[in-house]
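Secondary and tertiary structure notes
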Amino acid sequence: MGLNKVYCMDNLELLKQLPDNSIDLIYSDILYATGGDFKDYQDIPYVKEDVFAFYDGRIKEMYRVLKPTGTLALQMDFRITHWVRIMCDEHFGYKNCINVIQWAYSSGGSSKKKLSQKNDEIIIYAKDKNKQKFNYHTEVSYNRDFKPYKFKGVEEYQDDFGRWYTMVGMKCIWTDIPMVGRSSSERIGYMTQKPLKLMNRIRDLYTDENDVIADFFCGSGSMIESAKLGDRQYIGCDINQRAVDITNERLNI
Ligand SMILES: C[S@@+](CC[C@H](N)C(=O)[O-])C[C@H]1O[C@@H](n2cnc3c(N)ncnc32)[C@H](O)[C@@H]1O
């Protein structure tokens, strides 16, 4: 099984064929267990036993194939995160749960009966939290027209207009990345396509150039394209031939 390829097969079968300690980042936007028909694929049912049966062996293999410095990033929504975390705790060790990122996007549709849940969760596990690769990022928050109070560990800078900004460590709630909308130039025609900006941020946090990124549920190949654009090596996998064809088109293969 080589690098820089997209495999059309069941990801469990592919995982079993990959060597131990060979991947830097596994990112997968997994099946959310909605039971729904997404045109290109059928989701698994929203049944606890089915979710455990489907994911347990795959998460075990994901742990095996990650390098000791490696990271697992699994994206899903709130209805199954707690179950998937139980399996990750089991195979990775609960102390290696590093973060739960909330990606909040806006899209139509709201309910008068409950809050509208327009966010995905991306759970981050290290194979070993003491060895995990992590590229510290900062974000800028606008401060005010005069120099802010100096807090330990907080960087500041002044722009050309004399306004002060504060550099703060990136937090786990991401609200600045829209979903791939109907009129987006990124849109490829795969129902569950994720935005490149989201992929690039995850890529940059946990990998460097030439590192290996695997997406075992790659769909239209958003993370695979991000890996190629960022000069990373990649392994893509999807059970659906149309997904693999779209991914290869995005890679110009
Ligand atoms: C949520 S979608 C991924 C979407 C992707 N992030 C994108 O940007 O287009 C999940 C994908 O997992 C694939 N899939 C489902 N079961 C699979 C399996 N056993 N092995 C490999 N891929 C599978 C589906 O065909 C689907 O494309």
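Residues numbered from 1 in each chain as written. Predicted model: local features only at pLDDT ≥ 70, side-chain atom pairs only at ≥ 80, totals over all residues. Heavy atoms only, no water.

**Focus on unusual backbone geometry**
Notably, Ala 33 is not glycine yet its phi reads approximately 60°, a positive angle. With respect to the element layout, Ala 33 can be found in the loop between strand S2 (23-29) and helix H2 (48-65). What makes Ala 33 buried here is its relative accessible area of 0%. Here Asn 210, not a glycine, exhibits a phi torsion of approximately 75°, which is positive. You can see Asn 210 is positioned in the loop between helix H4 (196-206) and strand S10 (212-215). (Helix = DSSP H or I, 4+ residues; strand = E, 2+ residues; numbered from the N terminus. Buried < 20%, exposed > 50% of the residue type's maximum accessible area, 1.4 Å probe, protein only.)

**Side note on the packing of H2 against helix H3 (residues 78-92)**
A packed helix pair is summarised by two numbers, namely the angle formed by the two axes and the spacing between the axes. With their axes 9 Å apart at the nearest point, H2 and H3 run at an angle of 35° to one another. Where H2 crosses over H3, the two elements pack in a sense that is right-handed. Contacts from Lys 48, Val 51, Phe 52, Tyr 55, Asp 56, Ile 59, Lys 60, Met 62 and Tyr 63 of H2 reach H3 at Ile 80, Trp 83, Val 84, Ile 86, Met 87, Cys 88, His 91 and Phe 92. (Axes fitted to C-alpha atoms, helices over the stretch in contact; angles between N-to-C directions. Left-handed = near helix turned anticlockwise from the far one by under 90°. Contact = heavy atoms within 4.5 Å.)

**With respect to the domain arrangement of the protein**
Splitting the protein by domain gives domain 1 (5-133 + 173-250) and domain 2 (141-171). Using C-alpha coordinates to define each centre, domain 1 is positioned 34 Å away from domain 2. (Domains from an automatic or database assignment.)

**Some details on the environment of His 82**
Looking at where His 82 falls in the secondary structure, it is placed in helix H3. Classification of His 82 as partly exposed rests on a relative accessible area of 43%. A polar contact is formed between the side chain of His 82 and the side chain of Trp 83, at a distance of 3.2 Å. (Polar contact = N/O pair within 3.5 Å; in protein donor to acceptor, adjacent residues only side chain to side chain.)

**Topic: the nonpolar core**
Residues Ile 23, Ile 26, Tyr 55, Leu 72, Leu 74, Val 84 and Phe 216 are the most contacted members of the largest nonpolar core, which totals 37 residues. When contributions to this core are tallied by element, the ones reaching two or more residues are helix H1 (11-17), S2, H2, strand S3 (66-76), H3, strand S5 (119-126), S10 and strand S11 (233-238). Ile 101, Ile 177, Cys 218 and Ala 227 belong to the second largest nonpolar core, which has 24 residues in total. (Core = buried A, V, L, I, M, F, W, Y, C linked by side-chain atoms within 4.5 Å.)

**A word on the pattern of salt bridges**
Per the stated rule, a full pass over the model turns up 16 salt bridges. When the shortest N-O distance is used, the salt bridge between Asp 29 and Lys 194 registers 2.8 Å. Here Lys 194 lies in the loop between strand S9 (173-174) and H4 and Asp 29 lies in strand S2, a separation of 165 residues in the sequence. Asp 29 sits in the buried class, given a relative accessible area of 13%. (Salt bridge = Lys/Arg side-chain N within 4 Å of Asp/Glu carboxyl O.)

**Things to note about the site of the ligand**
Around the ligand there are 22 residues in total, and Asp 29, Tyr 190, Ser 220, Ser 222 and Asp 238 lie nearest to it. One of the side-chain N or O atoms of Ser 220 is found 2.6 Å from an oxygen atom in the ligand. One of the backbone N or O atoms of Ile 239 is found 3.1 Å from a nitrogen atom in the ligand. Protein chains bury 97% of the 610 Å² of accessible surface belonging to the ligand in isolation. Per-class residue counts for the shell around the ligand are 10 nonpolar, 7 polar and 5 charged. (Near = heavy atom within 4 Å. Areas by Shrake-Rupley, 256 points an atom, 1.4 Å probe, with all protein chains shown as cover. Nonpolar A, V, L, I, M, F, W, Y, C, P; charged D, E, K, R; others polar.)

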